[in-house]
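These are the residues of each chain, in order.
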Amino acid sequence: MFVVLIVLAVLAFVLLMPVFVEVCVTDDVDITVTYLFIRKQINKKSKTANERADSNVGKQKPKKKNFVSKLLKDKGPAGAVSDIIFIIKNIFKRVFCLISKFTVTKFNLEICVANKDAATAAIQYGGVCSVVYPVLGFLYSNLNFKNGTKVNIFCDYEASDSKLDFYSKFYILPVNAIFAACSFIFSYFLYLLKKTKDGVKNG
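Residues numbered from 1 in each chain as written. Predicted model: local features only at pLDDT ≥ 70, side-chain atom pairs only at ≥ 80, totals over all residues. Heavy atoms only, no water.

Moving on to the nonpolar core. Counting residues in each nonpolar core, the largest one holds 18 residues, and the members touching the most others are Val23, Phe107, Leu109, Ile111, Val132, Phe166 and Phe170. Those elements that place two or more of their residues in this core are β1 (19-25), β4 (103-114), α4 (118-142) and β7 (163-172). If you tally residues by element for this core, the top one is β4, at five residues. Residue contacts for Phe107: discarding those within four places in its chain leaves Leu136, Leu139, Phe145, Gly148, Thr149, Lys150, Val151, Phe166, Tyr167 and Ser168. (Core = buried A, V, L, I, M, F, W, Y, C linked by side-chain atoms within 4.5 Å. Buried < 20%, exposed > 50% of the residue type's maximum accessible area, 1.4 Å probe, protein only. Helix = DSSP H or I, 4+ residues; strand = E, 2+ residues; numbered from the N terminus. Contact = heavy atoms within 4.5 Å.)

Written as structure tokens, this is what we have:
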């Protein structure tokens, strides 16, 4: 009994420890994922990976049937389209629910619109604002912001190049991601079960 309690406590600890994601955009995009003592930059390839990619250039690999081709062969066009629509719809539904579980601890955005012509700079500034603020409104409505946001969009009539600096840090609990994945798998299983029953009735 004591061992079971220890296992449950460890499992709860693992599932309830947050996974932190840091996104930094300046001249390049850097994404870092941190969980407990593990820290990984997921957007950078190692040298060995690049070398392997270069060595494989020109080598032809046997083509494997992708998911869509397999569906088309097994279920025909109508069945394949029906399954794909169901999968896409449910993925978006689960992702949208998952997004609402994210908690943002830092959100800093600074955009400099550079142009020596004031009229052109004003037009570009308006264009940037018309894109950025609706997205921010969506994020405010669907994410949990712990410390607010810092957003600064301005014009610079002396700078030669426009600049974008962005940094955000947010986290999610693994239990929420696992729940979303299990929910999708279960709903897909029910969908297949329903289609099987309908096929038996029609047969």
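With 25 residues, α4 extends 36 Å between its outermost C-alpha atoms, agreeing within 8% with the 36 Å of an ideal straight helix rising 1.5 Å per residue. For α4, the complete set of buried residues consists of Ala121, Cys129, Val132, Leu136, Leu139 and Asn142. (Expected span 1.5 Å × (residues − 1).)

As a further point, take the environment of Phe20. Structurally, Phe20 can be placed in strand β1. Apart from the residues lying within four places of it in its own chain, the contact partners of Phe20 are Thr32, Val33, Thr34, Lys169, Phe170 and Tyr171.

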